[in-house]
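Examining the three-dimensional arrangement
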Amino acid sequence: MGTLLETRGIDKSFAGVHALQGVSFALEAGEVHALVGENGAGKSTLIKIMTGAVEADGGELHIAGKIVARNHPSLARALGVAVVYQQPSLFPHLTVAENIALALESGGLWRRIDWRARRERAQALLERAGAAFSCERLAESLSMPEQQVVEIAKAIGAEARIVILDEPTASLSEPEVERLFRVIGDLRGRGVGVVYISHRLEELALIADRITVLRDGEVVATDAAAAMDRARLVQLMAGRVRDLPAAVMPAATLGEPMLEVRGLTCRALGVSNVSLTVRAGEIVGLAGLVGSGRTQFAECIFGLEPADGGEIRVAGAPLRARSPADAIAGGVGYVPEDRPRHGVVLDFPIAANISLAHLKQVTRAGFIDAAAETEQAQRLMAQLRVKAASPHQRTGALSGGNQQKVALARWLAAPDLKVLILDEPTQGVDVGAKAEIHALIRQLAARGLAILMISSELPEILAMAHRIVVMHAGRVAGELARAEATQPKLLALALGQSGEA
Amino acid sequence: MKNYGQEISIAGALVLLCGILVLAAPGFFSRENLADLLLANLPVLIIGLGMTLVILTAEIDVSVGSMFAICGVIAGEVAKASGSILLAVVAAIVAGAVLGAANGALVAYVRIPSIVVTLATMTAWRSGLRWTMQGQWVDNLPANFQWLGLPQTGFRVAALAITLGLVAFTAWGLWSWRAGRALYATGSNREAARVAGLNTPAIVAAVFVLTGVLTGLAAALDAARFNQVPSNAGIGLELTVIAAVVVGGTSITGGRGSVAGTVLGVALLGVIAPALIFLGVSGYWGDAVQGAIILIAIGLEAVRLHSARRKMEGAGVAVVAA
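What counts and what doesn't
Residues numbered from 1 in each chain as written. Chains lettered and ligands numbered in written order. Predicted model: local features only at pLDDT ≥ 70, side-chain atom pairs only at ≥ 80, totals over all residues. Helix = DSSP H or I, 4+ residues; strand = E, 2+ residues; numbered from the N terminus. Contact = placed C-beta atoms within 7 Å. Buried ≥ 20, exposed ≤ 12 C-beta atoms within 10 Å, placed from the backbone. Pairing = 2+ DSSP bridges. pLDDT = per-residue confidence, 0-100. Core = buried A, V, L, I, M, F, W, Y, C linked by C-beta atoms within 7 Å. Domains from an automatic or database assignment. Nonpolar A, V, L, I, M, F, W, Y, C, P; charged D, E, K, R; others polar. Axes fitted to C-alpha atoms, helices over the stretch in contact; angles between N-to-C directions.

All names here are of chain A. With respect to the helices, strands and loops of the structure, Ser275 is situated in strand β12 (residues 271–279). As for Ser275 and Glu260, which are separated by 15 residues in sequence, their C-alpha atoms are 7.6 Å apart. Once residues within four sequence positions are removed from consideration, Ser275 is found in contact with Val261, Arg262, Gly263 and Val476.

Right, dumping it as structure tokens:
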């Protein structure tokens, strides 16, 4: 027994932004050590440093009593570290037994495979992991919780001394959670150390021995689970209100309801019965944890996936968006989260990206008027202060912030935009551009647009939004007016807890 | 969108080749030889226009050779049955549109990968035609079928004029129509194009229909060169066409390429094989040299992609540093 894994003063920055700062964390043998924190608090980065997926800039990592200078996924695995991610990564076309064997069996390409031994071992491991299904099934036929069990079986089979579980209960039902906890208890009994990440604070009391809280890349507390009640945890996770990214929004004079959504449901996207209203001139923040269905809700309004039920009205007129083209025709614009994949065509010149959603604006007698297109681009680039050599520069050559401005400019070119949905509008954007984008969003609202802004950054939402709707598990968990919204309250709602924190 | 690197290198290669021919085999430039060469390559160019659109949207159509055979036979049969040359040409074009629409619907709306769809239709249509015709050619055609009732020179001029008209029309449309812009966007990043409100399935379906139409027209013009129509025409034609488009600089991953490039690609591949014979090289080397040209062209693109990516990364680093 003793300390299995320890980090001392770990530092890590991405592009000049501190993800982790002086993080010290220890995992004892036979303990379940929970790691909690908001989105972006640094949990994933810390995990990645433990597993060797990311290298720390500074600090020490000790595994099994030895200092690990250059960690690497295969080295970490050899040292007994196993991870079960929230999204299991099995090979879909292989059976469960083959998936387990790939992780555990060694030897050259030409070794003889003992199929029976492979099956028997896989089945035994599955049973220890608490599964009741055959190892002959194809991985693609398994449900999400079943896939997770296979990952746990892999970890048991590897005789891992350190098992990291990343939000293992996010998609589990009650009995499945109980079964998982029995398996974790079994691991603990064998002296395995478990790092347990979860947003479900209520279950930490049941399973965790110690809890470490991360905030803004720093450890704010490590204490016995018994000494951490929910209120204290939420307080620690949210902390004081941080420096706001921009001055708080003044109360605007609001107009008529522009976007009215009632009971919107989309089973394919996991959105159920979401209702909200955004009025002209209003910025409504849509908060929630990663996976709470915010982006999916936006995609449903924008017609990327048609809704199964519910009603959408834009400026009073019903909108049935079966494709983005319908939504755009109805006066809705959308700046997606994943800019290079969905937001802009990287290969296109800036001017062509700006005009793409409204080519009719620059079309004369059926043909694209290159001069008008360039003129439009120049005007909007000046307005948004896009830093580029010319409107004909390739969009992919711009920085993230400037690409995001181009994505926004596309909707400024729209002739009759009424509703603008922004998904993480300042993610991956540098500080200067961020302030400019915030100012622009406010100008747009002041012009009478209805703005729905999704953001995982609570300070950003608190500074920008008139009203905040919080989602949890595909539903609306609650709504807060500007004046009554605080980080702890938002966080409590996002964690699926009603009432005060 | 604007990067004529490949077009310039192909044009250079073509000029070089012609220069060698002028010095070593001036007979190559006899009027008759050039006219034959041109006429034989017109179908490749016409279908190549459609294929350029298909590849620009990041799809592929390997069924054009089989479509070509079917449309030619239909033109012949309709001419025989009705005696109307105009009707024969129209029938070939309509047949091409229908076959292309079948490809387009399966790719765009049933969402089967285009290589699978068109491989299947390539085989199915070819064997269907073989079974229907029992290997027979269409003969006893009306006298005015050959050369579409025109004098030989008149037919040649008309075919050339139609082809050049189509080339200009396609190039212009791609450049200045909304549909052209939508096509480049769809090929470059289909998801982003959809988020921008473009009807990407309709665009994909349309390029297959257009390719069918162009194949039908090419088949009619090609069939009219003789007084009988073979039922086994166009075997391997799809590879010639795809090769010409790719050599012309259209990116096989979509979103990048031009009609001008395709014209040059058809010209280079069309000239190289007969040129070798004129230069006294065994005809057996023709395919090998064509293959080498394709490899070089694709290699050039790979190098360009690689350096473009490097440049992007370089820019990214600079931004971070700033």
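From this point, things continue past the structure.
Glancing now at the pairing of strand β8 (residues 193–197) of chain A. Residue and element names in this part refer to chain A. Counting buried positions along β8 yields five of five residues, so the element is predominantly enclosed. Burial along β8 is two-sided: Gly193, Val195 and Ile197 and Val194 and Tyr196, pointing in opposite directions, are all buried. Two strands pair when backbone bridges link them, and strand β3 (residues 32–36) and β8 are joined in this way by four bridges, in the parallel orientation. Within β8, the position partnered with Ala34 by the bridge is Tyr196.

Caution applies to low-pLDDT regions: their predicted coordinates should not be interpreted in detail. All names here are of chain B. The predicted model of chain B has a mean per-residue pLDDT of 89, with 94% of residues at 70 or higher. Of all helices and strands in chain B, the one with the weakest mean pLDDT is helix α12 (residues 285–321) (67), whereas helix α4 (residues 85–108) scores best (97). In this model, residues 312–322 is a region of pLDDT below 50 whose contacts with residues beyond four sequence positions or in other chains number six contacts. We note a pTM of 0.74 for the whole complex and an ipTM of 0.80 for its interfaces.

In summary, soluble globular proteins display a tendency toward joint burial of nonpolar side chains. Ranked by size, the top nonpolar core spans 257 residues in total, and within it Ile301 and Ile451 of chain A together with Ala75, Ala92 and Ala220 of chain B carry the most contacts. Here this core gets 15 residues from one element, more than from any other, and that element is helix α9 (residues 200–223) of chain B. Looking at which domains feed residues into this core, each of domain 1 (3–238) and domain 2 (257–494) of chain A supplies at least three.

Across the boundary between the two partners, chain A contributes 26 residues, which contact 22 residues of chain B. At the level of secondary structure, the elements contributing two or more residues to the side of chain A that touches chain B comprise α10 (324–329), α11 (339–343) and β18 (367–368) of chain A. Broken down by class, the residue content of the side of chain A that touches chain B amounts to 17 nonpolar, seven polar and two charged.

To continue, consider helix α9 (residues 294–301) of chain A. Residue and element names in this part refer to chain A. Of all eight residues in α9, seven are buried; the element is thus mostly enclosed. Listing the buried residues of α9 in full gives Arg294, Thr295, Phe297, Ala298, Glu299, Cys300 and Ile301. In the stretch just after α9, Gly303 is the one whose phi turns positive, near 85°.

All names here are of chain A. Spatially, six strands are ordered β6-β7-β8-β3-β9-β10 in an open sheet, and the strand pairing comes out mixed. Each edge of the open sheet carries a strand with a single partner, namely β6 (81–84) and β10 (218–224). Put simply, the sheet's adjacent strands are angled 20° from each other on average, direction ignored. Contacts from helix α5 (residues 144–157) reach β6 and β7 (162–166) within the one sheet, and its direction differs from that of β6 by about 175°. Of the strands in this sheet, β3, β9 (210–215) and β10 are in contact with helix α8 (residues 230–238), which crosses β9 at around 30°.

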